[in-house]
Amino acid sequence: MPLIIYKSHDGNTQEVHAETGTSIMQAAVDNGIDGILGECGGCCSCATCHCYIDPAWVSKVSPADSTETDMLDCVLEPQETSRLSCQVIITDEMDGIIIAMPESQY
Amino acid sequence: MSEHCIVIGASHAAAQLVSSLRQEGWEGKISIVGDEPYLPYHRPPLSKAFFVGEKTEEDLLIRSADFYTKNKVDLLLGSRVTRIDRDAKKIILEDDVEVPYTKLVLTTGARVRKIPFVGSELAGVFYMRDLNDVKQTHKFTGPGKSAVIIGGGYIGLETAASLRKIGMNVTVIEAMSRVLQRVTAPEVSAFYTRIHTEEGVDIRTEAGVDAITGEQHVEGVRLADGSTIPADLVIIGVGVLPNVELAETAGLTVDNGIVVDEFATTNDSDIFAAGDCSNHYNPIYKRQLRLESVQNATDQAKIAAKAICGKPEVYRALPWFWSDQYDLKLQIAGLSQGFDQVVIRGDSEQGRSFAAFYFSEGNLIAVDAINRPKEFMMCKRALTAGQSADPLKLADESIEIKDAFN
Ligand SMILES: Cc1cc2nc3c(=O)[nH]c(=O)nc-3n(C[C@H](O)[C@H](O)[C@H](O)COP(=O)(O)OP(=O)(O)OC[C@H]3O[C@@H](n4cnc5c(N)ncnc54)[C@H](O)[C@@H]3O)c2cc1C
Ligand code: FES
């Protein structure tokens, strides 16, 4: 089970071991990490699961599709490595990945 | 007595509430009592991805079983609360077991509105609300079989799309003059009618149901005009009613939902309500609302948790909703009721992607965005911030969507 490190906007971190095949959003919700909401349950409709992939890890993550890119274009405080975490599926290669979260999902 | 927060109803609002309670520092006991035999699960996929088998039962779980164990949340599932004794501060279960509380949250949601059509007790006739309902429909589905859906709202149309996907013949019967009449502009209704027709669904508007026919198993639906549509499966989706009886008999204020203040608190300061069952004031739209959406269940549950933990915060969230049908991703931000102007961006008459912006007295109040995530996101942000947009710019696709907002 890969280790996922969630980093809140004020720098606090929480470490979680997550099953491969689940999403970064689901792992956060299952572990009560409140920086990620995931209101639509992962169907790419809400953008309340916005996160920033640590630049060192971007290459381990599959790219966003066009719906996700369009949504990301309009989130609050987008960054180069912004993703909707429900669309990022955890693989063994992501062991140790750092996921930063925005201050607010609205 | 030590602190004990009991949550009645185990669904979207409950799953968020218990998580928020722990995050806000609640150290007392937490119990969820729910009458369905399942851990809180996502209801929206019931008519969408789960219906067509793209999601499994396990995929539906809002949070894993582990989450409740780790957060010391006791789950009493398959158990119904029959009464609240406010004087003694306890709830009474079906089997007369009494459980004391110090704080109580009602997340009892809504149930389907039942219409006593002749024949509605026949095998093969279903309502769509619970996992149990949907699991049973699977015995009656299959390529080449026929389904009739009574009610052309979002859930009815989503189910129609799902049934087409598995190769069934589908008819939708709507009593009003257009589908989605209560919730969208005529342009959006016309769009969905066109798409469903192109996809092979037979949509009958201004059609009344006379009876559901068959011996033991449903065989057809007879309309008021005397014609009968053959059916192996009938799904009735004509709206829901809030589950307020428990609150009402306990003497809590009820008016189209359990009435709560801006802190999700009822007229008893130790009892809270959130989600589909609640009636609350929305400061953005300046009126009382009873919403039926995951957004409201989740966001209001957070507000209730804060109030319970002594950190009250005013509930001020923008309602939003989504609906998936075929390749169409509809995202709705805001409430369109009471609009006096609709601005269409894109081609609703031929394409599969456009946005309908709703205005009231010159102010933007909502958007229905179909395969238009940017329009949805921009509108959601603007409405949350109390901003409007320029209708002329919205209608002009040569202008970047971001430049239409002021
Ligand atoms: C098929 C379908 C598709 C949907 N699609 C969408 C969508 O795309 N987007 C969206 O935003 N919303 C959608 N919704 C609506 C959404 O599911 C609801 O708004 C949401 O479930 C509300 O959550 P809740 O926690 O308030 O209540 P509910 O989900 O209604 O849950 C309440 C629970 O409390 C239980 N209960 C009631 N009384 C008692 C009692 N006395 N004792 C014990 N338990 C009790 C009920 O059995 C139920 O399990 C859909 C709903 C359905 C049915
Ligand atoms: S959970 Fe809704 S977009 Fe990711």
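Because the structure is predicted, anything quoted here is derived from the model rather than measured.

What counts as what
- Residues numbered from 1 in each chain as written.
- Chains lettered and ligands numbered in written order.
- Predicted model: local features only at pLDDT ≥ 70, side-chain atom pairs only at ≥ 80, totals over all residues.
- Heavy atoms only, no water.
- Helix = DSSP H or I, 4+ residues; strand = E, 2+ residues; numbered from the N terminus.
- Rg over C-alpha atoms; globule rule 2.2 N^0.38 Å.
- Contact = heavy atoms within 4.5 Å.
- Areas by Shrake-Rupley, 256 points an atom, 1.4 Å probe, with all protein chains shown as cover.
- Core = buried A, V, L, I, M, F, W, Y, C linked by side-chain atoms within 4.5 Å.
- Buried < 20%, exposed > 50% of the residue type's maximum accessible area, 1.4 Å probe, protein only.
- Pairing = 2+ DSSP bridges.
- Disulfide = S-S within 2.5 Å.

1. Here we look at the overall build of chain A
When its secondary structure is counted, chain A shows two helices and five strands. Mapped from its N terminus to its C terminus, chain A presents α and β elements in the order β-β-α-β-α-β-β. Its C-alpha radius of gyration of 12 Å places chain A within 12% of the 13 Å reference for a compact globule of 106 residues. With respect to the three principal axes, the spread of C-alpha positions in chain A is 30 × 25 × 25 Å. Taking the contacts inside chain A whose residues are at least 6 apart along the sequence as the reference set, 66% of them involve residues at least 24 apart. A total of about 4,600 Å² of accessible surface is found on chain A, and carbon and sulfur atoms cover 47% of it.

2. Observations regarding the nonpolar core
Among the nonpolar cores identified, the biggest contains 100 residues, and A:Tyr6, B:Tyr192, B:Phe357, B:Leu394 and B:Phe405 are the most heavily contacted of them. Beyond its immediate stretch of four places on either side in the chain, B:Leu394 contacts B:Val343, B:Arg345, B:Phe357, B:Phe359, B:Ala389, B:Ile401, B:Ala404 and B:Phe405. Counting residues in hydrophobic clusters, the runner-up holds 30 residues, among them B:Ile62, B:Phe272, B:Ile303 and B:Tyr315.

3. Some thoughts on unusual backbone geometry
Residues and elements named next belong to chain B. The phi dihedral of glutamate 206 is positive, around 45°, even though this residue is not glycine. You can see glutamate 206 is positioned in the loop between β12 (202-204) and β13 (209-214). By relative accessible area, glutamate 206 is classed as exposed at 62%. The phi torsion at lysine 286 lies on the positive side, around 50°, for a residue other than glycine.

4. Some points on the pairing of strand β3 (residues 50-53) of chain A
All names here are of chain A. Of the two faces of β3, the one holding His50 and Tyr52 and the one holding Cys51 and Ile53 are both buried throughout. Across three bridges, the pairing between β3 and strand β4 (residues 82-84) is antiparallel. By the bridge assignment, histidine 50 is partnered in β4 with leucine 84. Across two bridges, the pairing between β3 and strand β5 (residues 97-100) is antiparallel. Directly across from tyrosine 52, in β5, lies its bridge partner alanine 100.

5. Things to note about the state of the cysteines
All names here are of chain B. Under the definition given, this model contains zero disulfides over all chains. For the unlinked cysteine cysteine 277, the closest cysteine sulfur is that of cysteine 5, found at 14 Å. Residue classification places cysteine 277 among the buried residues on the basis of a relative accessible area of 0%.

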